[in-house]
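What follows is each chain in one-letter form.
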Amino acid sequence: MSLPKLTPEQKKKALMKAQKVRSERAKIRAELKKGKITLDQIMKKAGDEVIGKMRVSYVLQSLPRIGKVRAAKIMYEIGIDENRRVQGLGTRQVEALKEHFAKK
């Protein structure tokens, strides 16, 4: 399947949209790191286009004291694929994540 040919205007619009989404995700990750928003709040907004398409590993890595290794370990223990996105999590996986971070 070949990619559709875009006009310069369509390319510019797509690039602007991508840049906006990246900046919103960076803002969300910074707020998670500072503790301004919680993992529970993120999971409740899984239907949002920006949050829903974030990888779970990036969300976990944005939490305080969670790095790549710890995020991978948590995801493995719960049974979440490393490429899973927030909107693709099942209810049991969401509950397991909430439970894991509630006991901390």
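See the structure shown above.
Here is what the cut-offs are and how they apply
Residues numbered from 1 in each chain as written. Predicted model: local features only at pLDDT ≥ 70, side-chain atom pairs only at ≥ 80, totals over all residues. Heavy atoms only, no water. Helix = DSSP H or I, 4+ residues; strand = E, 2+ residues; numbered from the N terminus. Contact = heavy atoms within 4.5 Å. Buried < 20%, exposed > 50% of the residue type's maximum accessible area, 1.4 Å probe, protein only. Expected span 1.5 Å × (residues − 1).

Student: Outline the environment of E82, listing residues and values.
Tutor: Relative to the elements of secondary structure, E82 occurs in the loop between α5 (68-78) and α6 (91-102). Sequence spacing of E82 and K33 is 49 residues, and the spatial spacing of their C-alpha atoms is 20 Å. Not counting chain neighbours up to four residues away, the residues in contact with E82 comprise S57 and M75.

Student: Could you give an account of unusual backbone geometry, naming the residues involved and the relevant values?
Tutor: One non-glycine residue, R65, lies in the positive phi region at around 65°. Relative to the helices and strands, R65 resides in the loop between α4 (56-61) and α5. By relative accessible area, R65 is classed as exposed at 70%.

Student: Outline helix α1 (residues 8-34), listing residues and values.
Tutor: Between its terminal C-alpha atoms α1 stretches 39 Å, which fits the 39 Å expected from 27 residues at 1.5 Å a residue. Positive backbone phi, at 85°, marks G35, one or two positions downstream of α1.

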